[in-house]
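Examining the three-dimensional arrangement
One letter stands for each residue in the lines below.
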Amino acid sequence: MKTALVILAAGKGTRMNSDLPKVLHPLAGAPLLIHAMHAGARLVPEKTVIVAGHGADRVRRAALSHDASVEIVLQSEQLGTAHAVDQARAVLEGFDGDVVVLFGDTPFLQAETLERMLAARAEHDIVVLGFDIAEVQPRYGRLIMQGDRLERIVEYKDATEEERAIRFTNSGLLRCDAQLLFELIAEVGNDNASGEYYLTEVVALANARGLSVTAVKCDETETLGIDSRTDLAAAEAGYQTRARTKALTDGVTLPAPDTVHFAFDTVIGRDTVIEPNVVFGPGVTVESGATIRAFSHLEGCHVARGAVVGPYARLRPGAELSENVRVGNFVEIKNAQIGEGTKVNHLSYIGDATLGTQTNVGAGTITCNYDGVLKHRTEIGDNAFIGSNTMLVAPVSIGDRAMTGSGSVITSDVEADALAIARAPQVEKPGMATKLFDILKAKKAKLQRGS
Ligand code: UD1
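Please read all numbers here as calculations on a predicted model, not as lab measurements.

Quick look at the site of the ligand
Neighbouring the ligand are 20 residues, the closest being Gly 11, Gln 75, Thr 81, Glu 155 and Asn 170. In this structure, Leu 8 approaches the ligand through a main-chain N or O atom, which is 3.1 Å from an oxygen atom. Interatomic distance of 2.7 Å between a side-chain N/O atom of Gln 75 and a nitrogen atom of the ligand. Within the residue set of the shell around the ligand, elements represented by two or more residues are β1 (3-9), α3 (81-86) and β10 (168-177).

What follows is the structure in structure tokens.
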């Protein structure tokens, strides 16, 4: 069955107390909206429509940078969830499949739940996703069931005391034929306690037409909406707990799991060791049998089998570490490919560079990649030896098996097998140190006598 996703993301999120639109607040390194898009993408939708309102430009940019094929529609006034979905009407005109409505602030939806909703659609015209709530909360609508048929949804504000006590509540997600949904939405009014056009009204309207509506149940954690920074922190904690458990189950060693932070897309191979206090930003893959030592920060990078990173290392976007590479303490690597077995062990910055295999980069080496306006590349061959404290002023290349003297400022290319020394030659003056000390001591004594 063809599917179109409509993701509601126009709300202000007043309780976030933020200039940033609620759906752009990050969770595990990605905006809430991207999590929702990611969850929905498992349905392989023909179309994805995002309803933006508050901070629409920023929402548009974030959504398109994740998936350039999504369509953004504007809801300039937030008149309720039915009104929000109605903004997708023109984009979905004539669409002959189902609409699945998702919320941009509900990040934890599981593929299996979406599949169960799809399965239920075989027998019902509308499928709503509900969950049993542990504690009664005013923010959720109550699902009024008759056996497996959903009769109507009543919002807390409009509910009787009896209805308010119902624990089967509305997640907000729904699946329905697109054309039917827009027909029903056209009939939704706003005569209710909030004066809003409720999407939930379509349930009663469908029943009035003799159509069949049901609710599928999922776990409360899956439909956890995020309204405040407290909710966001709780969601992050929940996400991290699950990610740590998954990593351990997948055969990753975490001696102190509670101190390791994962991003939504972190991939780690079996028998890799992640020491305490390691943070993964988005876009990291670590292959099997690698070791990420304590206090390292990785984002947008790839670490191959057997590599050892850290402690205290920083791998930035575009860092590509081949097998058995060593990156040690206080080393930063950005947009650089490091060949197999190469070592950058201490206090270095390697940016916009390609390093060959089995090369040794001495302590304190810096690729001077930025001239204040443009970035330039450094190329280093195989089996090279870069002396400690070498400044490689890019663009520059160092040939295979070449060597640079410690403290050199290398401004031109070094050919293979050559030794380049670019520093002031050493001058030695016999006996001069003692003479200098005597002069200085005499000066000090004179000053002390004078005071
Ligand atoms: C809605 C449901 C409620 C359900 C709850 C789950 C309705 C009437 N009520 O509550 O039954 O239990 O979700 O969280 O549907 N939005 C827009 N434009 C609007 C209004 C909302 O885009 O005009 C978006 C918000 O950005 C958010 C989502 O829709 O992503 C839900 O809105 P919210 O105000 O949190 O939910 P309620 O309407 O209170």
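Structure shown, so let's carry the discussion forward.
Focus on the pattern of salt bridges
Under the counting rule described, the total for this entry stands at 23 salt bridges. Across the pair Lys 22 and Asp 227 runs a salt bridge whose closest N-O atoms are separated by 3.0 Å. Of this pair, Lys 22 sits in the loop between β1 and β2 (26-27) while Asp 227 sits in the loop between β11 (213-218) and α8 (229-249); the two residues are 205 residues apart in sequence, bridging distant segments of the chain. A residue is classified by how much of its surface remains accessible, and Lys 22, at 10% relative accessible area, is buried. Between Glu 112 and Arg 116 there is a salt bridge whose closest N-O contact spans 2.9 Å.

Side note on the nonpolar core
Residues Phe 280, Val 303 and Leu 315 are the most contacted members of the largest nonpolar core, which totals 53 residues. Looking at this core, the elements that each hand over two or more residues are α8, β21 (319-321), β23 (332-338), β25 (349-355) and β31 (396-398). In terms of residue count, the dominant contributor to this core is α8 (five residues). Core analysis: the second largest hydrophobic core is formed by 39 residues, Val 6, Val 49, Val 99 and Leu 150 among them.

Here we look at helix α4 (residues 111-121)
Listed in full, the buried residues belonging to α4 are Thr 113, Leu 114, Met 117, Ala 120 and Arg 121. Projection of α4 onto a plane perpendicular to its axis shows the buried side chains occupying an angular sector of 120°, all on one side. Opposite its buried face, α4 presents the exposed residues Glu 115 and Ala 119, each directed more than 90 degrees away.

Side note on the packing of aromatic side chains
All chains considered together, the criterion is met by five aromatic pairs. Look at Phe 131 and Tyr 140: their rings are 5.1 Å apart centre to centre, the planes differ by 90°, and that puts the pair in the edge-to-face class. Under the relative-accessibility criterion, Tyr 140 is labelled buried at 11%. With 5.5 Å between their ring centres and 5° between their planes, Phe 262 and Phe 280 make a pair best called stacked. Placement of Phe 262 in the loop between α8 and β12 (267-268) and of Phe 280 in strand β14 (residues 279-280) is noted, with a sequence separation of 18 residues between them. For the residue pair Phe 262 and Phe 280, the accessibility class agrees, reading buried in each case. For Lys 217, the ring lying beneath its charged end belongs to Phe 168, and the centroid distance is 4.8 Å.

Rules of the game
Residues numbered from 1 in each chain as written. Predicted model: local features only at pLDDT ≥ 70, side-chain atom pairs only at ≥ 80, totals over all residues. Heavy atoms only, no water. Near = heavy atom within 4 Å. Polar contact = N/O pair within 3.5 Å; in protein donor to acceptor, adjacent residues only side chain to side chain. Helix = DSSP H or I, 4+ residues; strand = E, 2+ residues; numbered from the N terminus. Salt bridge = Lys/Arg side-chain N within 4 Å of Asp/Glu carboxyl O. Buried < 20%, exposed > 50% of the residue type's maximum accessible area, 1.4 Å probe, protein only. Core = buried A, V, L, I, M, F, W, Y, C linked by side-chain atoms within 4.5 Å. Arc of directions from axis to C-beta. Phe/Tyr/Trp six-rings, centres within 6.5 Å; stacked < 30°, edge-to-face > 60°. Lys NZ or Arg CZ within 6 Å of the ring centre and 35° of its normal.

Keep in mind that these numbers describe shape and distance, not what the molecule does.
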